[in-house]
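A structural walkthrough
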Amino acid sequence: MNRLLSLFSGGSPELLPRPIGAAFLEGLCRIFQAGLVFLVVQEIYRSYALPDHPLDLPLLWKLAAALGVWTVVQYGISLRAYDATFTAAYEASARGRIALGDHLRRLSLGYLNSRDPGDLTTMLLEDYAQLETAMSHYLPQLVSALAFPVLFCLGLSFWDWRLALALFAGLPVGCAFIFASRRLQDWLGRAHVAAKIDASSRMQEYLNNMREIKAHNLGGAKFQRLERAFRSLKREAIRLEGIVGPLVMVGIAATRTGLSLVVLLGVYRLVGGRLDPLVFTGFLLLGGRVFDPITLVLTNYAEIRYSLLSGQRILELRRQPIPQGKGEPPREGSIEFRNVTFAYGDTPVLSRVNLSIPSRSVTALVGPSGSGKSTVARLIARFWDVRDGAVLLEGRNVKDLDPDRLLSRISMVFQDVYLFRDTIGNNIRVGNPEATQEQVEEAARRARCHEFIQALPQGYDTRVGEGGCTLSGGERQRVSIARALLKDAPIVLLDEATSSLDPENEQAVQEALQALVEDRTVVVIAHRLKTVRHADRIVVLDQGKVAGWGTHEELLEREPLYQKLWGLQQQAERWELGATA
Ligand SMILES: Nc1ncnc2c1ncn2[C@@H]1O[C@H](COP(=O)(O)OP(=O)(O)OP(=O)(O)O)[C@@H](O)[C@H]1O
């Protein structure tokens, strides 16, 4: 039961008692109203059926007045129930979305990478919207369907247990039929969800990669994939409705056969003089309505199960373990890789890597493409946990450190810079949300972006588009360096930080980076060896292993791979000079 409530509320079952109580109270109100109507029918029936029983008009007026008053009371109760139900539904989805968003933030990148972004978007938006509908509409229906037939059955049994039995005879058959077909319904529901996720992913891919699509003239092919995804979504939706609908109809028909049995049995017993006509009338009056809540639930059964699937998907994600660790990260930043082996899924990337990066030194990672340089940097920030061995900060395993606090000690500048849809000032403030305007501007000056920001229409208050698409690659890169400067962390990871800068800016930004790396532990990844030849130490990686390390001069003397890479780059530069000459 607990699990069901958790599924219904997307992980906030504590919000359910109020709407369930409200739905129950609302149902009781309706029964009371039906009771008053029955008293009116009884009085009229008696005045016609019993010669010595004149019509009690004062009683009928009183009943009419009571019905009027009750309608007002019922309206008030319904209003409260409506309020309680909708408030709980929106509160549950808001709480759930926030909790899930926070959980996603704390999950390892390894897990997030394995998930389709379209799937996660669907979960945060559509699955919670589905649960809102479930809580606000289906939950009250379910409460009525579960509670009131039982109450009715008990109440009517006191009147005539045979008729009560006949009335409810079809119910188990109908429910059993629906229950037996639930696997098919789940299967169809899952296929529909999968089609929805696929359509959402294709849509995201289409919109996010519009530049590449246009550049490579892929409009037709990519649009066809999108079209296929939407057609498949339509097919699955029709299949879900088309198969589940008739199944549910059969279930409802089976449930309602009880009323026909009541008529047959009632007439038979009435003719035999063994049934009070008033009781028979009561059964016919109530029997028509007693199945209304059940019919409603069975009609919505597929949707209810579909909502439960949404709840299941959400809870599964919320159960994903987040990287643990409570320790305070050290203030200094010496880094050590001790026999580290790592794989992305089944693809081995690092094999028994041993590395020592002294505090307040600049270490460059170089090597051919795919040798594992970025992976080493990501493991320092614990974007993934290593498979074997350990990454140590000042001798402490990063697995034992609080992941959030660890990240607060590391500044990162990546190749691809993402800017949030916000002002450029706030985008720099990402490095330190408490920073004053002066500090933001100072960081921007040091990162050589103050001038271009001031030239923008609203200066630091200029909004940049999603992904920073209104700034050039070089400008985005400099904003991200300003962020890192503002963060003022003891460890700095630079992954191809100057890759997208034009030659004009490069010198200035190299100076800015010089300010950033001063007195910090720096790990820099660079393809252009020239930019890191003054590093304190250069580590050469080859196919996930350390091929050698030392200063530029030492490596040139004794490390064949480094010699080769250096030679190739020298050649490339000469070729470039030759080409432009
Ligand atoms: N998220 C990921 N999932 C699966 N495989 C990955 C992932 N990231 C990188 N890889 C693979 O791991 C290997 C090492 O990648 P990594 O990015 O660390 O190399 P690199 O030396 O930094 O390469 P480059 O210089 O081209 O940026 C590559 O074979 C790459 O395809």
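Given the structure is predicted, the values throughout are model-derived calculations rather than measurements.

Definitions and cut-offs
For every chain, the first residue of the written sequence is number 1, and numbering continues from 1 onward in sequence order. Local features in this predicted model are restricted to residues whose pLDDT is 70 or higher, and side-chain atom pairs enter the listing and the counts only when it is 80 or higher, whereas totals over whole chains, interfaces and linings include all residues. Residue proximity rests on one test: whether the C-beta atom, placed from the backbone, lies within 6 Å of the molecule or strand. Secondary structure elements are taken from DSSP: a helix is a run of H or I of four residues or more, a strand is a run of E of two residues or more, and numbering for both begins at the N terminus. UniProt positions are given in the numbering used here, feature names are shortened, and annotations may be inferred rather than shown by experiment. DSSP calls a pair of strands paired once it identifies at least 2 bridges connecting them. Axis geometry follows a simple rule: fit a line to the C-alpha atoms, using only the stretch in contact for helices, then measure angles between N-to-C directions, giving values from 0 to 180 degrees. We call two residues in contact when the distance between their C-beta atoms, placed using the backbone, is within 7 Å. Here a residue counts as buried when 20 or more other C-beta atoms sit within 10 Å of its C-beta, as exposed when there are 12 or fewer, and as partly exposed otherwise, the C-beta atoms being derived from the backbone. The arc in question is the one traced by the directions running from the helix axis out to the C-beta atoms. The term nonpolar core refers to a set of buried Ala, Val, Leu, Ile, Met, Phe, Trp, Tyr and Cys residues connected through C-beta atoms within 7 Å. What pLDDT expresses is the predictor's confidence in each residue, scored from 0 to 100. Should an angle lie under 35 degrees it is considered roughly parallel, over 145 roughly antiparallel, and from 65 to 115 roughly perpendicular; all remaining angles are considered oblique. Helix crossings fall into two classes, left-handed where the near helix is turned counterclockwise from the far one by less than a right angle and right-handed where it is turned clockwise. Gly falls in the polar group here, along with every residue not listed as nonpolar (Ala, Val, Leu, Ile, Met, Phe, Trp, Tyr, Cys, Pro) or charged (Asp, Glu, Lys, Arg).

Let us now look at the site of the ligand. If you check the shell around the ligand, you find Asn-113, Tyr-344, Thr-347, Val-349, Gly-367, Ser-369, Gly-370, Ser-371, Gly-372, Lys-373, Ser-374 and Thr-375 and nothing else. Where the shell around the ligand is concerned, the elements lending two or more residues are strand S2 (347–357) and helix H14 (373–380). With three residues, the top contributor of residues to the shell around the ligand is H14.

A few words on the UniProt feature "transmembrane region" (unreviewed entry) in the protein chain. In this structure's numbering, the residues bearing the UniProt feature "transmembrane region" (unreviewed entry) are residues 138–157, 163–180 and 243–268. For residues 163–180, helix accounts for 89% and strand for 0%, while the C-alpha atoms at its two ends are 27 Å apart. Secondary structure content for residues 243–268 is 100% helix and 0% strand, and the end C-alpha separation is 39 Å.

Glancing now at the sheet that holds strand S10 (residues 545–550). The sheet built from six strands is open, its strands ordered S6-S7-S8-S3-S9-S10 with mixed pairing. Two strands bound the open sheet, and with one partner strand each, they are strand S6 (410–413) and S10. Direction aside, the axes of adjacent strands within the sheet are offset by 15° on average. Taken strand by strand, H14 contacts strand S3 (362–366), strand S7 (491–495), strand S8 (521–525) and strand S9 (537–542), and its axis lies near 150° from that of S8. Against the sheet, helix H19 (residues 473–487) makes contact with S6 and S7, and its axis sits at roughly 175° relative to S6, the strand it touches most.

Once that is clear, we can look at the sheet that holds strand S4 (residues 388–393). Within a sheet, adjacent strands bond to each other through the backbone by hydrogen bonds, running parallel or antiparallel. Reading across the sheet, the four strands line up as S2-S1-S4-S5 and stay open at both edges, with antiparallel pairing between neighbours. The open sheet has two free edges, formed respectively by S2 and strand S5 (396–397), since each of these has just one partner strand. Where strand S1 (residues 335–344) meets S2, seven bridges bridge the pair, whose relative direction is antiparallel. Across the sheet, the residue bridging to Glu-336 is Ser-356, located in S2.

This paragraph deals with the environment of Pro-117. With respect to the helices, strands and loops of the structure, Pro-117 is situated in helix H5 (residues 117–159). A count of 14 C-beta atoms within 10 Å places Pro-117 in the partly exposed class. C-alpha of Pro-117 to C-alpha of Ile-197: the two residues are 80 residues apart in sequence and 9.2 Å apart in space.

Each turn of an α-helix holds 3.6 residues, which means side chains three or four residues apart point in the same direction. Of the residues making up helix H7 (residues 170–180), those classed as buried are Gly-170, Gly-174 and Ile-178. Relative to the axis of H7, the buried residues are bounded by an arc of 65° and lie together on one face. H7 presents Pro-172, Ala-176, Phe-179 and Ala-180 as exposed residues on the side facing more than 90 degrees away from its buried surface.

With that out of the way, let us pick up the nonpolar core. Ranked by size, the top nonpolar core spans 68 residues in total, and within it Ala-364, Ala-482, Val-492, Leu-493, Val-524 and Ile-538 carry the most contacts. Broken down by element, the residue count for this core peaks at six residues, all from H19. Filtering out sequence-adjacent residues up to four positions away, Ile-538 remains in contact with Ala-364, Val-366, Val-532, Trp-549, Gly-550, Thr-551, His-552 and Leu-555. Core analysis: the next-biggest nonpolar cluster, separate from the first, contains 50 residues, Phe-168, Val-262, Leu-275 and Phe-283 among them.

Another aspect to go through is the pairing of S1. Linkage of S1 to S2, two consecutive antiparallel strands, is achieved through a turn of two residues, within which Gly-345 is found at a positive phi near 60°. In this structure, S1 lies alongside S4, joined through five bridges in antiparallel fashion. Within S4, the residue paired with Glu-336 across the bridge is Leu-392.

Confidence along the protein chain averages 84 in pLDDT terms, with 93% of residues attaining 70 or more. Taken as a whole, residues 577–581 scores under 50 in pLDDT and shows zero contacts with residues more than four places along the chain or in a different chain. Both scores are available for the predicted complex, with the pTM at 0.67 and the ipTM at 0.97.

What follows is about the packing of H5 against helix H12 (residues 292–299). Running from N to C, H5 and H12 point in directions that differ by 140°, and their axes come no closer than 8 Å. Judged by the inter-axis angle, H5 sits oblique to H12. Here H5 runs over H12; the crossing is left-handed. Along the contact surface, H5 presents Gln-141, Leu-142, Ser-144, Ala-145, Phe-148 and Pro-149, while H12 presents Pro-293, Ile-294, Leu-296 and Val-297. Tallied by class, residues from the contact of H5 with H12 come to eight nonpolar, two polar and no charged.

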